[in-house]
Amino acid sequence: MKSAEIRQKFLDFFAAKGHQIVSSSSLVPHDDPTLLFTNAGMNQFKDVFLGFDKRPYNRATTSQKCVRAGGKHNDLENVGYTARHHTFFEMLGNFSFGDYFKRDAIKYAWELLTEVYGLPKDKLMVTVYAEDDEAYDIWHKEVGVPAEKIVRIGDNKGSRYASDNFWMMGDTGPCGPCTEIFYDHGEKHWGGPPGSPEEDGDRFIEIWNNVFMQFNRDEAGVMHPLPKPSVDTGMGLERISAVLQGVHANYEIDLFQALIAAAARETSDADMNSPSLKVLADHVRACSFLIADGVIPGNEGRGYVLRRIIRRAIRHGYKLGARAAFFHRIVPDLVGEMGEAYPELKENQAKIVATLKQEEDRFFATIENGMEILEGELAAMADKGVTVFNGETAFKLHDTYGFPLDLTADICRERDVTVDGAAFDAAMARQKEQARAAGKFKMAVNLEYAGAETTFHGYESLDAKGKVLALYKDG
Ligand code: ATP
Ligand code: MG
Ligand code: MG
Ligand code: MG
């Protein structure tokens with residue numbers, strides 16, 4: 001089954017159960033300053049869950065474009081390292097706005113997976129929120145999942161990979177306990193069932209999360225009950241496609257194969273299993289969809305995240321031998337794969353190509369010198385047996401050669417080296433302080449010579465730097 005068909009079957013299944021098919025919203029959330037990018041299907045329905053917005057339907061289903069590269073859900077660093085994480089992915093979802101609750105949500109999910117998609121029941125495992133006896137009983141007594149395939153899990157155990165059965169969109173907003181469905185890809189892959197010490201492995205892969213939306217978390221962390229208990233679910237299209245196409249990693253599905261081949265063509269790389277090709281295939285989707293939705297590369301906020309993704313892609317191309325702009329040439333292949341389902345890609349193709357090309361030309365001008373410094377430092381460190389990269393040098397790479405901190409960290413990680421983030425932050429803060437002092441001086445001069453009406457723009461750019469810093473800390 002091709003991913004396009006898997007997507008359609010999901011939507012048709014829920015439409016037949018009385019759900020309105022709603023189109024994906026933009027990756028740039030409207031009117032929601034708490035959110036960097038759309039990170040889940042429920043985002044566009046946030047106000048419906050909160051009771052502020054009413055829709056002519058109380059059941060909906062979507063295939064939502066998502067980006068997780070900043071903010072609460074940040075998978076940028078996982079890309080290329082795990083079988084299951086992308087920066088951009090499609091989330092299939094069904095939603096109940098005060099209509100059905102736990103019982104129907106669980107039964108629909110099971111029916112779709114085992115009857116429509118035909119998955120073998122013994123390959124599936126589920127988790128429930130530790131205290132949620134109701135969900136446990138529905139799975140066990142009504143659906144018939146054996147006790148040894150149901151795991152109770154609490155919230156936030158600390159590890160970034162650890163299962164977590166209390167879902168939150170961000171630090172504030174709708175949230176609630178959840179039940180998740182995992183697929184066992186078999187013994188040949190390392191890893192243990194959810195909740196076990198080996199759960200970080202890629203044998204048991206989470207495919208679907210069913211969230212029982214019950215609370216609105218405020219800034220102080222207080223949970224307020226929602227007007228009506230609701231349901232929000234999310235299943236990664238790429239993950240269910242891997243399962244249904246009998247492959248292990250998302251990167252082996254139909255949709256990705258064409259992109260990996262295109263990346264290999266543009267970098268002349270012969271090893272189709274190179275992690276860098278996966279990174280390129282992933283990043284061309286995130287960058288193109290973000291640009292199509294109006295994000296432009298820049299030095300702060302969303303634009304800076306986009307720039308970081310583009311530069312990370314360029315660095316992986318550089319690693320494969322590219323020495324001039326190449327990344328934008330993968331865009332037509334992406335449009336060929338996904339332009340039908342997402343016409344905005346086709347409509348914005350020229351803009352996407354031009355934007356990427358411009359960013360590439362810019363970064364290719366400094367990457368070589370930056371890489372020399374970085375490699376020099378790494379070689380000197382290896383001689384001395386040092387495994388923490390100097391934060392001052394990381395800052396210099398950032399400031400002079402346009403290497404975002406996570407780019408330096410990504411390169412270091414390949415050599416089992418970490419970056420001294422605190423020293424990086426200190427160098428950044430020092431520069432900010434110097435700029436502020438210079439700004440004050442300039443302002444004093446301006447006021448003296450140009451009168452009190454002088455507009456002072458210094459703090460605006462300082463603010464931008466402050467935001468960049470916050471972004472690093474975030475993710
Ligand atoms: P994981 O634990 O694997 O990081 P998650 O628990 O963070 O996933 P949810 O927030 O529950 O994911 O999102 C719902 C579903 O969206 C997941 O079950 C998965 O199928 C899919 N998904 C989440 N993050 C990604 C990603 N980075 N790339 C691809 N699919 C994803
Ligand atoms: Mg995650
Ligand atoms: Mg998870
Ligand atoms: Mg989850």
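What counts as what
Residues numbered from 1 in each chain as written. Chains lettered and ligands numbered in written order. Predicted model: local features only at pLDDT ≥ 70, side-chain atom pairs only at ≥ 80, totals over all residues. Heavy atoms only, no water. Donors = N, O, S within 2.8 Å, 3.2 Å for Na, K, Ca; no water. Helix = DSSP H or I, 4+ residues; strand = E, 2+ residues; numbered from the N terminus. Buried < 20%, exposed > 50% of the residue type's maximum accessible area, 1.4 Å probe, protein only. Core = buried A, V, L, I, M, F, W, Y, C linked by side-chain atoms within 4.5 Å. Contact = heavy atoms within 4.5 Å. Expected span 1.5 Å × (residues − 1). Near = heavy atom within 4 Å. Polar contact = N/O pair within 3.5 Å; in protein donor to acceptor, adjacent residues only side chain to side chain. Areas by Shrake-Rupley, 256 points an atom, 1.4 Å probe, with all protein chains shown as cover. Pairing = 2+ DSSP bridges. Right-handed = clockwise from strand over helix to strand, strands pointing away. pLDDT = per-residue confidence, 0-100.

A look at the coordination of the magnesium ion (ligand 4)
The coordination sphere of the magnesium ion (ligand 4) contains the protein donors Glu 180 (OE) and Glu 206 (OE), at a distance range of 1.9 to 2.2 Å. A separation of 3.2 Å is found between the magnesium ion (ligand 4) and the magnesium ion (ligand 3), both of which receive a donor from Glu 206. Taken as a pair, Glu 180 in strand S7 (residues 173-184) and Glu 206 in strand S8 (residues 204-217) lie far apart in primary sequence, 26 residues in all. A residue is classified by how much of its surface remains accessible, and Glu 180, at 3% relative accessible area, is buried.

Considerations on the nonpolar core
Counting 73 residues, the largest nonpolar core has Phe 327, Phe 389 and Phe 403 as its most contacted members. Elements represented by at least two residues in this core include exactly helix H6 (254-267), helix H7 (275-292), helix H8 (301-319), helix H9 (331-338), helix H11 (349-384), helix H12 (391-401), helix H13 (405-413) and helix H14 (421-450). For this core, the element with the highest residue contribution is H7, accounting for 11 residues. The contacts of Phe 389, once residues within four sequence positions are left out, are Leu 374, Glu 377, Leu 378, Met 381, Ala 394, Leu 397, Thr 408, Cys 412, Val 417, Thr 418, Val 419 and Asp 420. Counting 37 residues, the second largest nonpolar core, distinct from the first, contains Ile 106, Tyr 108, Ala 109 and Val 231.

A closer look at H8
Between its terminal C-alpha atoms H8 stretches 27 Å, which fits the 27 Å expected from 19 residues at 1.5 Å a residue. With 16 of 19 residues buried, H8 lies mostly within the body of the structure. Two residues or fewer past H8, Gly 321 is found with a positive phi of approximately 110°.

Observations regarding the site of ligand 1
Around ligand 1 there are 18 residues in total, and Asp 75, Arg 84, His 85, Trp 167 and Glu 206 lie nearest to it. Between ligand 1 and His 86 there is a distance of 2.9 Å, counted from a nitrogen atom to a backbone nitrogen or oxygen. A distance of 2.9 Å is found between an oxygen atom of ligand 1 and a backbone nitrogen or oxygen belonging to Ile 207. Look at ligand 1: alone it shows 590 Å² of surface, and the protein chains cover 91% of it. Every element with two or more residues in the shell around ligand 1 is listed here: strand S3 (88-96), S8 and strand S9 (223-236).

Comments concerning the side chain of Lys 65
Mapping Lys 65 onto the fold places it in strand S2 (residues 59-67). Every residue in contact with Lys 65, bar those within four places of it in the chain, is listed here: Ser 24, Ser 25, Leu 27, Thr 38, Phe 88, Phe 89, Phe 289, Asp 293, Tyr 342 and Glu 344.

Focus: the pairing of strand S5 (residues 150-153)
Relative to S5, strand S4 (residues 124-129) is paired through 4 bridges, and the arrangement is parallel. Paired with Thr 127 across the bridge in S5 is Val 151. With helix H4 (residues 133-143) bridging S4 and the parallel S5, this β-α-β connection has right-handed handedness.

Some remarks on the confidence of the model for the protein
Per-residue pLDDT for the protein averages 90, and the proportion of residues at 70 or more is 91%. Long-range and interchain partners of residues 446-475, a stretch whose pLDDT sits below 50, account for 37 contacts in this model, where long-range means more than four residues apart.

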